[in-house]
There are 2 protein chains.
Amino acid sequence: MSDTSDESEAASDSRDEIMDATYRALCEHGHADLTMQHIADEAGKSTALLHYHFDTKEELLAAFIDHLITEFESTVAPDENDSATERLREFLDLWVLEPEEDDRTALHLALLELRSRGPFNETYREELARSDEVLRRIVVEIIRDGIEQGVFRDVEPEGTARLIVATLDGARTRQITLDDPAYSQRVRKQLEDQLVEGLLVSDDATRR
Amino acid sequence: MSDTSDESEAASDSRDEIMDATYRALCEHGHADLTMQHIADEAGKSTALLHYHFDTKEELLAAFIDHLITEFESTVAPDENDSATERLREFLDLWVLEPEEDDRTALHLALLELRSRGPFNETYREELARSDEVLRRIVVEIIRDGIEQGVFRDVEPEGTARLIVATLDGARTRQITLDDPAYSQRVRKQLEDQLVEGLLVSDDATRR
């Protein structure tokens, strides 16, 4: 029993190390030029070990997107003490890239390259679609909770969530591709002023 | 005199043909795999002629972005009879990719790849920044006109324009990368319901 458990723990540690190495390798090389060797080098492991876990680079990268989604989900897990308004604002904050976040900027540039391959790569596309669903579901839940709490007006949660996610995505894409560090921050503020404020039932709600 | 004029007309025709060929070559091959030979083949010209006009592929593609911006600007040139509300709605419509527009979808996927190279390529970055400015300026002008006409509330035109452009960009990116044909259309409707309607001074204004 304990052997099996140790083995599966070791495999899980090894996968985590590969995910961390993939992050660094993507930041360093971008998506188009990335090889299994780059990831193996970053992990201090052999490409044989990588191939033990993942048949192809595409499978490894799909697992990496899955890993990012899982991390993001655990970051936004609701705190029972937070109101829907706070949770929505925290969600918006998570998307904003600060000017000094060079690694996250590099990662999202690499992901943009990867995303442009989505329609040509079934494995990527499935993970990207899942990522989109997870993001929208998080916002839908916050909006539903806000409506139930009487904080938000009775808007259509699905459509509103889609609008918010698209806006944050576009803001980040423009920030990283134009190398304009404040772009996301400015759009985030505008989104809050013109959309989140519009969701609120009354001025009282903003002070909850 | 007439010789010079003929020559410059010929050069201009030739450039237009190269731009059309670049469009087709990008749709066919994407950005990462694109070569001058692909563009020359599409144009039915020699790579020598391409190099007579453009020193490098990057210069040609920067000129292509410039060409797209110019075309977009002429498409949205205001009709004096249109109200600001109509012009804003027309602007939103221009961004929506219809499901059957395979060529435009392929083009925007290639442009997304190109954009992910922006921070590493000065020539691209300058054109992308200009494109962003032009798009935002168009929306700023529509919003200013709307405020002057008494149709729109007294919002901050720059911030509102940035929000709208980011939203449309993100919606299109998600549509093309997720291969979800209705994504832009859904976000466009939501943007209209939750933002454009919010700009309007009163219900009367929507009927102008």
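Predicted, not measured: the structure shown is a model, and the values here were computed from it. (Residues numbered from 1 in each chain as written. Chains lettered and ligands numbered in written order. Predicted model: local features only at pLDDT ≥ 70, side-chain atom pairs only at ≥ 80, totals over all residues. Heavy atoms only, no water.)

**So, the UniProt feature "DNA-binding region" (unreviewed entry) in chain A**
And step 1. The UniProt record marks residues 35–54 of chain A with the feature "DNA-binding region" (unreviewed entry), using the residue numbering of this structure.
And step 2. The distance separating the terminal C-alpha atoms of residues 35–54 of chain A is 13 Å; by composition the span is 75% helix and 0% strand. (UniProt positions renumbered as here; feature names shortened; annotations may be inferred. Helix = DSSP H or I, 4+ residues; strand = E, 2+ residues; numbered from the N terminus.)

**As for the packing of aromatic side chains**
And step 1. Overall, the coordinates contain 6 aromatic pairs over all chains when judged by the stated rule.
And step 2. Plain terms: the ring middles of A:Y23 and A:F64 are 6.4 Å apart, the flat faces sit at 85 degrees to each other, and that makes the pair edge-to-face. Here the residue A:Y23 occupies a position in helix α1 (residues 2–29), and A:F64 occupies one in helix α4 (residues 57–75), the gap between them amounting to 41 residues.
And step 3. A relative accessible area of 1% places A:F64 in the buried class.
And step 4. Taken together, the ring pairs in this structure connect A:F72, A:F91 and A:W95 into an aromatic cluster.
And step 5. Stacked on the ring of B:Y183, the Lys or Arg A:R162 has its end atom at 4.9 Å from the ring centre. (Phe/Tyr/Trp six-rings, centres within 6.5 Å; stacked < 30°, edge-to-face > 60°. Buried < 20%, exposed > 50% of the residue type's maximum accessible area, 1.4 Å probe, protein only. Lys NZ or Arg CZ within 6 Å of the ring centre and 35° of its normal.)

**Observations concerning helix α7 (residues 122–148) of chain B**
Each full turn of the α-helix corresponds to 3.6 residues, which orients residues three or four apart in the same direction.
All names here are of chain B.
And step 1. In this model α7 runs 38 Å from its N-terminal to its C-terminal C-alpha over 27 residues, within 8% of the 39 Å that 1.5 Å per residue would give.
And step 2. Between the side-chain oxygen of the N-cap and the backbone nitrogen of T123 there are 3.1 Å, and the N-cap of α7 in question is N121.
And step 3. Immediately downstream of α7, the backbone of G150 shows phi near 80 degrees, a positive value. (Expected span 1.5 Å × (residues − 1). Polar contact = N/O pair within 3.5 Å; in protein donor to acceptor, adjacent residues only side chain to side chain.)

**Topic: the UniProt feature "domain: HTH tetR-type" (unreviewed entry) in chain A**
And step 1. As recorded in UniProt, the sites labelled "domain: HTH tetR-type" (unreviewed entry) are residues 12–72 of chain A.
And step 2. Within the segment residues 12–72 of chain A, helix and strand shares are 80% and 0% respectively, and the terminal C-alpha atoms sit 19 Å apart.

**Brief notes about the domain arrangement of chain A**
Residues and elements named next belong to chain A.
And step 1. Here chain A is described as being made up of domain 1 (1–53) and domain 2 (57–206).
And step 2. On a C-alpha basis, the centroid separation for the pair domain 1 and domain 2 is 27 Å.
And step 3. Tallying the contact residues gives 15 residues for domain 1 and 15 residues for domain 2.
And step 4. In this assembly, domain 1 packs against domain 2 so that about 1400 Å² is buried in total across both faces, 74% of it on carbon and sulfur atoms.
And step 5. A per-residue breakdown of the area domain 1 buries against domain 2 is headed by M19, Y23 and H31, which together make up 46% of the total.
And step 6. Where domain 1 packs against domain 2, one counts 0 salt bridges.
And step 7. Our count for the domain 1 to domain 2 interface comes out at 4 residue pairs in polar contact (both at pLDDT 80 or more). (Domains from an automatic or database assignment. Contact = heavy atoms within 4.5 Å. Buried area = accessible area lost by both parts, 1.4 Å probe. Salt bridge = Lys/Arg side-chain N within 4 Å of Asp/Glu carboxyl O.)

**Considerations on the interface of chain A and chain B**
And step 1. Counting residues at the interface gives 42 residues for chain A and 42 residues for chain B.
And step 2. Summed over the shared surface of chain A and chain B, the number is 4 salt bridges.
And step 3. Residue A:D132 is joined to B:R174 by a salt bridge in which the shortest nitrogen-to-oxygen separation is 2.8 Å.
And step 4. Taken together, chain A and chain B are joined by 9 residue pairs in polar contact (both at pLDDT 80 or more).
And step 5. Of all the elements in the fold, those that place two or more residues in the side of chain A that touches chain B are α6 (102–115), α7 (122–148), α8 (157–178) and α9 (183–199) of chain A.
And step 6. Broken down by element, the residue count for the side of chain A that touches chain B peaks at 15 residues, all from α8(A).
And step 7. Looking at side-chain class alone, the side of chain A that touches chain B contains 19 nonpolar, 10 polar and 13 charged residues. (Nonpolar A, V, L, I, M, F, W, Y, C, P; charged D, E, K, R; others polar.)

**As for the relation of the copies chain A and chain B**
And step 1. Note on the identical chains: chain A maps onto chain B by a rotation of 180 degrees and an axial translation of 0.0 Å, with an RMSD of 0.0 Å. The operation mapping one copy onto its partner corresponds to a two-fold rotation axis.
And step 2. Counting the interface residues of chain A, we find that 100% of their copies in chain B are interface residues as well, pointing to one common contact surface. (Least-squares fit on C-alpha atoms with pLDDT ≥ 70 in both.)

**Overview of the pattern of salt bridges**
All names here are of chain A.
And step 1. Going through the model one piece at a time under the given rule, you end up with 38 salt bridges over all chains.
And step 2. In this structure, D169 and R115 form a salt bridge, with 2.7 Å as the shortest nitrogen-oxygen distance. Separated by 54 residues along the polypeptide, D169 in helix α8 and R115 in helix α6 bring together distant segments of the chain. The residues D169 and R115 share a single accessibility class, namely buried.
And step 3. Between R136 and D132 there is a salt bridge; the shortest N-O distance is 2.9 Å. Of the two residues, R136 and D132 both sit in helix α7, 4 residues apart, roughly one turn of that helix. As far as burial versus exposure is concerned, R136 and D132 are alike and both buried.
And step 4. In this structure, a network of salt bridges that share partners links the residues R89, D93, R188, E192 and E197.

**Notes on a negative patch on the surface**
All names here are of chain A.
And step 1. Where like charges cluster on the molecular surface, the negative patch consists of E9, D13, D16, D20 and E71.
And step 2. No other element matches α1, which puts 4 residues into the negative patch.
And step 3. Of note, E9 is situated in helix α1.
And step 4. Since its relative accessible area comes to 49%, E9 is described here as partly exposed. (Patch = residues over 30% accessible without salt bridge, like charges linked within 9 Å, V, L, I, M, F, W, Y side chains within 5 Å. Areas by Shrake-Rupley, 256 points an atom, 1.4 Å probe, with all protein chains shown as cover. Lys, Arg positive; Asp, Glu negative; His and termini not counted. Charge placed at Lys NZ, Arg CZ, Asp CG, Glu CD.)

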